[in-house]
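# Summary of the model geometry
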Amino acid sequence: MNDLSLAWRNIWRHPRRSILTMMAIGFAAMLLVFMLSFQFGSYESMINASVKLATGHLQVQGKGYNTKPEMRNVVPTPKAIMDKLSKTQGVDSVTPRAQTFVLASSDTRIRGVLVTGVDPEREKEVFTIPSLIRNGDYLSDKAPNTVIVGALLAKRLNTGVGKELTLLGQSFDGSIAATVVTVRGIFKSGIDAVDRAAIQMLLTDFDDLFVMNGAVHTVVAIIDELSQTAPLKAALEKDPLLKPLAVLDWIDLTPGLKQSIQMDLVGGIIMYGILIIVVAFSILNTFLMAVFERTREFGVMMAIGTTPRRLVKVMLMESMFMTGVGILAGMVTGALLTVYFSHAGISMGGATDLMAQYGMSGRLYPRLSLLSLLVGPTIIGVVTFLTALFPALKIPHLKPVDAMKAV
Amino acid sequence: MYTQLAWRNIWRNPRRTAIILTAILIGVAAMIILAALMRGMVGGMVDNAINNMVGHIKVQHPDYRSDPDISHGLSDVDGILKALKIVLPESARLTRRIRIDGVVSNARESAGIEIVGINPKSEIGMSFIGTAPMEGSPITDSDKNGILIGAALAKKFQTGIGKKLVVTTQRGDGESGSRAFRIRGIFHGDMEVTEKAYIFISLPAAERLVHEKESATEIAVTLARETSSKELTEFVMLCRAVLKPFNVSVYGWKDLLPAITAYLAMFDVFLLIWFVVIFIAMGFGIVNTVLMAVYERMREFGLLKAIGMRPGRIIRMVMGESLFLLMLGCAGGTFFGLGVTCYFAKTGIDLGAFSKGTEMWGMSRIILPVINAGDILIANAVVLLLGLLVSIYPAVKAARFTPVETMRQS
C-alpha cells in the first residue's frame, strides 16, 4: 500500500474529528478570502470616488504647485501636454484646469472661495461633479460667464440659480481681476469641504478674467486601470516634454487616502493573524491526538522495519490532506460568498453619513481577485503545516519497544 | 461530586487541556485587547471632535448652522448665560465665541479661513486652542490687535511672529470690514487641517472687526468628564426648556457630529461580530477536544450507564468539563488581555507612520486603549454561552452510548 492511500485512510479512521478540523480550517480560509476581497473592494471604491471627484489618477503641474499653489506657477503649454497624454497607452481621458482664490460677493454676502476653471465637455466624461448638480444646470460652452456653486457655499452667499455674483481676485500678471457672473447650477457632493468653498467656471472665462494667456495650473488624467498608475507615472516622468514639470499621482495628491488604506490593512492583518493563531491552537489537538493514540501502532511499524522518516511523511501527508480539503472548501465558499456580495453589495447602514464625507456611497462591493483569493489560504496552509510538524516530529524519538508497550 | 469528577476528568490529559486552554486564552485576550484598542480609537475621535470647539452642548441662532454669518449671532448673550447657569451643574464651564468666515491675507497670499473670537483663558480645558503647543505668546482676553495662526498657515504665508496679517470679513451691517493684526503666536494642532482652518483673535477684537457689541455666534458648554450620555441628553433638554424665550437652538454634541454618532452606533455591532468570529475559530477546537475526550472514554460511559447512571447526569458531567475549560480559558484570557492592555495604556500605540491617514479620519496619532467593563463582560459571555452551546453535541453523544455497544470496544 502506498503512503498516499495510507494517509488518506488514516484520516477517515476518525471521520468526525477530521471533518471538524477541516471545518475549522475551511472557516478561516473562507473568512480570509471574503474579508480581503471586501477590504480590497472598498479600497478601490474609495480611491475611485476620490479620483473621480477631483484629483484624477495623474496630474501634471508646475514643480512645487502641489504644496504651494501659486498663481504664477503654471503649465504654460497645456495643448502639447494634453496631446502627449491622450496618445499615451492606458490614458482614458485628459482635462485641463486652472484655479485660484477669489472673493465672491452676492448682494448681501462676501466669502472667500476657490474658483476652478474647467472644460465642461471633458469634465463630463469622467468626473462626478457634473452629475451632482441639484439645481439648474452644469456649465456649458454655450453659456459664458456662468458658474456652478457648492450647495453649502450657495447658502452662505445667500445666492441661487440665476442670481449674480461678483468675483474679485488677482490675475496672472498681478493686476486686479473682477467680473460679474451668473449662477448656473448648484452642486452637492456630500463632502462639506468641497461644498463649502468651491465654485467652477468655464476655463475660457477663467483665461480671460485672469489673463492666463492659455496657461493652466494642472492637466488631469484618468487612466483605464488603477494598477497602471505607478508605471504610467514613471514613464511620463522620463518624457522630455514633461521634464520641467511635475507628474503627480493620486497618492501624492491625497496622501491621507493612501495612508488610511494602509492603516486599515495593517489593522486587518493583525486581526487575521490572531484568528489564524486561534485556529492553529484549535486544530493542534487533532494533530497531536493522531500521533499519540497511535504510539503502539508506530512502535509495531518501526519494529517491522518502517523508517521513522516514512512515518513522519505519512503523518504530514495526513494533516496536509485535511488542510488541503479544508482550504479548498473555504476558498470555494469564500469565493461564492464574495461573488454574491459583489453583485448585491453590502450596506454600511449607519456609517453611510461618515462615508459620504469621504465621497463613498453607502454600499460597498467586495472584489474577488487572485490576490484576495490566494493570500489568506496560503498563510493558513503554512501555519497549519507548522502546527502539524510539531507533533509529527515526535515520531522519530519513539523507541519501538517502549512504544509497543503504550496503551 | 459531579463538579469534582468533571474537574479531575479534564486533567486526565493535561497536554490536551493545556492546548485547548491556550486557544481559548488567546481568543479571549484578543477580544479584550482589540475591543480596548478600538474603544480608544473611537474615543480619541470623539474627544478630538469635541475638542475642536464643539463642546458638549452648544447654543446657537437657529439659522447659524446652515449659514454661519454674523447676522445669525445670539442677541441676548448675558441673558442666555444667566439662564444656562441656573440649570447646569457648577462643574459645567461656559464660554462664548464669535465664529465667522473670513479671508486672511498678507502681501503674497490670501486664504479663506474661519475667524474665531475667543476668551483665551476660558478656552483652557474647553477646546484645543486653550492648551495647544505654541511658539510665541498667547493672546490676552482684551488683546486688540493680536492674532494666533496655525503653523501650516504660517508656512504657507511665509510669515512669522510679529508680522502683520490683514483679516477681512463681513460686518454686522453687511459692509465688509478689514483690520490689520499682529501675529502673537503660532499654534500647533493635532491635525494640519485645524492649523489651516482657523485663526484666533480676542473677543473684543472680533467685536470691533464686525462692529457689534457684546456679541457671540455661539455659547459652548463643557461638562465634567464623567457626565454620562444619558445625563447629557437630560441637560440638553433642560437647556432647551430654559432657553425657550430666547428663540435659540440648543445642540448636544451628538447632534453636531452626526457622522461620528452613527459610527458609534455601529461600533458595538462590529465588536460583537468580531467576538463571534473569534469564537467560531476556537469553537471547532472546543468541540473536537471534548469529543475526543468523550470517545476515548466510551467504555467508561458505558460502564457508568450499566451501573445505573442516568443520561442526564452524563450530559451534566460532560458539560461540566467543558464549563471548567471555558471558565479557565476565559479567566486566563481576561487576565492576560487586561495585562497587555494596561501595558499599552501606559505608552499608547503610536500611529505616527500613518499620520496623514489618521488625520483624514479625525483620529489621534497616539491611541490609548480604553478598558470597558461591558466589553470584557460580553467577550466572556459570548465564549461561555456559545462554548456551552456547542458542547451539547459531544455531551449528548456521550449520553447516547449504550452499555452493550461500548463494552465491545477495546
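Residues numbered from 1 in each chain as written. Chains lettered and ligands numbered in written order. Predicted model: local features only at pLDDT ≥ 70, side-chain atom pairs only at ≥ 80, totals over all residues.

### Description of the overall build of chain A
- A count of helical and extended segments in chain A gives 15 helices and 12 strands.
- Taking 22 Å as the expected radius of gyration for a compact globule of 407 residues, we find that chain A reaches 31 Å, considerably beyond that expectation.
- For chain A, the spread of C-alpha atoms along the principal axes amounts to about 100 × 45 × 30 Å.
- A buried classification covers 45% of the 407 residues belonging to chain A.
- Restricting the contact set of chain A to residue pairs at least 6 apart, pairs at least 24 apart contribute 80%. (Helix = DSSP H or I, 4+ residues; strand = E, 2+ residues; numbered from the N terminus. Rg over C-alpha atoms; globule rule 2.2 N^0.38 Å. Buried ≥ 20, exposed ≤ 12 C-beta atoms within 10 Å, placed from the backbone. Contact = placed C-beta atoms within 7 Å.)

### Points about the nonpolar core
- Counting 159 residues, the largest nonpolar core has Ala 28 of chain A together with Ile 24 and Ile 199 of chain B as the members making the most contacts within it.
- Core analysis: the next-biggest nonpolar cluster, separate from the first, contains 54 residues, Val 149, Leu 157, Phe 206 and Val 216 of chain A among them. (Core = buried A, V, L, I, M, F, W, Y, C linked by C-beta atoms within 7 Å.)

### Here we look at the interface of chain A and chain B
- The partner chain B presents 47 residues to the 47 residues of chain A that form the contact.
- Among the elements of the structure, α2 (15-55), β2 (91-105), β3 (110-118), α5 (151-156), α10 (255-292) and α13 (352-356) of chain A are those that each provide at least two residues to the side of chain A that touches chain B.
- The element that contributes the greatest number of residues to the side of chain A that touches chain B is α10 of chain A, accounting for 20 residues.
- Within the side of chain A that touches chain B, the residues separate by chemical class into 26 nonpolar, 13 polar and 8 charged. (Nonpolar A, V, L, I, M, F, W, Y, C, P; charged D, E, K, R; others polar.)

### Let's talk about unusual backbone geometry
- Its identity as a non-glycine residue notwithstanding, Asn 145 of chain A has a phi of 60 degrees, on the positive side.
- In this structure, Asn 145 of chain A sits in the loop between β4 (133-136) and β5 (146-150).
- The phi dihedral of Glu 214 of chain B is positive, around 45 degrees, even though this residue is not glycine.
- Structurally, Glu 214 of chain B can be placed in the loop between α8 (203-210) and β9 (218-222).
- Here Glu 214 of chain B falls in the exposed class, since 12 other C-beta atoms lie within 10 Å of it.

### Some remarks on the domain arrangement of chain B
All names here are of chain B.
- Assigned domains within chain B: domain 1 (2-49 + 260-408) and domain 2 (55-256).
- For domain 1 and domain 2, the distance between their C-alpha centres works out to 49 Å.
- Contact with domain 1, which involves 4 residues of that partner, is made by 5 residues of domain 2.
- Across the side of domain 1 that touches domain 2, the residue classes break down as no nonpolar, 3 polar and 1 charged. (Domains from an automatic or database assignment.)

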